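One-letter residues, chain by chain:
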Amino acid sequence: MTVPADTTMCPMNTPHDLIHRFFWCLDERDHDGVLATLASDVVWFRQGQRHAGLDGVSAALQRRSPTLFVRHVISNVFEMSPRDIAASDATLRQVDGDLRPGASGDIVLSYYLSGYTFDNGTPVQAPCHGGHLHKMSWVRTRLSRFDNGWRIVDKHMLPLFVFDSA
């Protein structure tokens, strides 16, 4: 099952919904859907690498294993205060020296992300028998409002726990 890529047609195009839609599309391997949640100049920092622009994100998506079965679980989502944002900027600058300042009207969300993975080299579908909790990360996502709705302008994913495969 895939979600339509045109998020402007979705009646619940709020920042929180967009975060969930991004990971739903990522899990469904709907690359167009993922890209539809992003601003054209997006920055996605994941797995220690900075991916800039839609072309950079698209290239990162294309490098994912074609047999990877993954599901992401989001928890503890909240909108950060200006004080929280300033404190987290200091943390993020340690890993991303090119961290951009936010714009007036941006919303910045903080949350935990847990990833469950399975990849034995063959395609699988749910229910997946096997796999493991792969990682728990802290994620900070900045969103801006455009004429066509909210879009993710930067997403930084920093691992908190990395689990051994079972």
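Scroll up to find the structure.
Because the structure is predicted, anything quoted here is derived from the model rather than measured.

What counts and how
- Residues numbered from 1 in each chain as written.
- Predicted model: local features only at pLDDT ≥ 70, side-chain atom pairs only at ≥ 80, totals over all residues.
- Heavy atoms only, no water.
- Buried < 20%, exposed > 50% of the residue type's maximum accessible area, 1.4 Å probe, protein only.
- Helix = DSSP H or I, 4+ residues; strand = E, 2+ residues; numbered from the N terminus.
- Core = buried A, V, L, I, M, F, W, Y, C linked by side-chain atoms within 4.5 Å.
- Salt bridge = Lys/Arg side-chain N within 4 Å of Asp/Glu carboxyl O.
- Pairing = 2+ DSSP bridges.
- Axes fitted to C-alpha atoms, helices over the stretch in contact; angles between N-to-C directions.
- Patch = residues over 30% accessible without salt bridge, like charges linked within 9 Å, V, L, I, M, F, W, Y side chains within 5 Å.
- Areas by Shrake-Rupley, 256 points an atom, 1.4 Å probe, with all protein chains shown as cover.
- Phe/Tyr/Trp six-rings, centres within 6.5 Å; stacked < 30°, edge-to-face > 60°.

### Quick word on unusual backbone geometry
Backbone torsion omega between Ala 126 and Pro 127 reads 0°, so that peptide bond is classified as cis. Within the chain, Arg 29 stands out as a residue other than glycine whose phi angle is a positive 60°. Judged by relative accessible area, which is 30%, Arg 29 ranks as partly exposed. The backbone of Gln 47 shows a phi angle near 50°, a positive value even though the residue is not glycine. Looking at the element boundaries, Gln 47 is found in the loop between β1 (38-46) and β2 (49-52).

### Some points on the nonpolar core
Formed by 23 residues in total, the largest nonpolar core has its most connected members in Ile 19, Phe 22, Phe 23, Leu 38 and Ile 152. Ranked by residue count, the leading element in this core is helix α1 (residues 15-27), at six residues.

### Describing the pattern of salt bridges
Two side chains that carry opposite charge are able to pair once their charged atoms sit near each other. Applying the stated criterion to the full structure yields six salt bridges. Between Arg 100 and Asp 41 there is a salt bridge, with the nearest N and O atoms lying 3.3 Å from each other. With Arg 100 in the loop between α4 (82-93) and β4 (107-118) and Asp 41 in strand β1, the pair connects residues that are 59 residues apart, well separated along the chain. By relative accessible area, Asp 41 is classed as partly exposed at 42%. Between Asp 106 and Arg 142 there is a salt bridge; the shortest N-O distance is 3.8 Å. One end of the pair, Asp 106, is in the loop between α4 and β4; the other, Arg 142, is in strand β5 (residues 132-146), with 36 residues separating them in the sequence. Considered together, Asp 106 and Arg 142 belong to a single accessibility category, that of buried residues.

### Looking at the sheet that holds strand β3 (residues 69-79)
The mixed open sheet is built from six strands, whose spatial order is β2-β1-β6-β5-β4-β3. The open sheet is flanked by β2 and β3, the only strands paired with a single partner. Taken over all neighbouring pairs, the strand axes of this sheet differ in orientation by 20° on average, direction set aside. Pairing of β1 with strand β6 (residues 149-162) involves four bridges; the strand directions are parallel. In the sheet register, Phe 45 faces β6, and the bridge partner there is His 156.

### Considerations on a nonpolar patch on the surface
A cluster of nonpolar side chains, contributed by Tyr 112, Leu 160, Phe 161 and Phe 163, occupies part of the molecular surface with about 370 Å² of accessible area. Within the fold, Phe 161 resides in strand β6.

### A few points about the packing of aromatic side chains
Aromatic ring pairs are reported here in terms of the distance separating the ring centres and the angle at which the planes meet. Under the defined criterion, the tally for this structure stands at four aromatic pairs. Ring geometry for Phe 22 against Phe 23: centres 4.8 Å apart, planes inclined by 80°, an arrangement best described as edge-to-face. Judged by relative accessible area, which is 1%, Phe 23 ranks as buried. Taking the centre distance of 5.3 Å and the plane angle of 90° together, the rings of Phe 22 and Trp 44 count as edge-to-face. Of this pair, Phe 22 sits in helix α1 while Trp 44 sits in strand β1, and the two are 22 residues apart along the sequence. With respect to class, Phe 22 is no different from Trp 44; both count as buried. Linked through ring pairs, Phe 22, Phe 23, Trp 44 and Tyr 111 together constitute an aromatic cluster.

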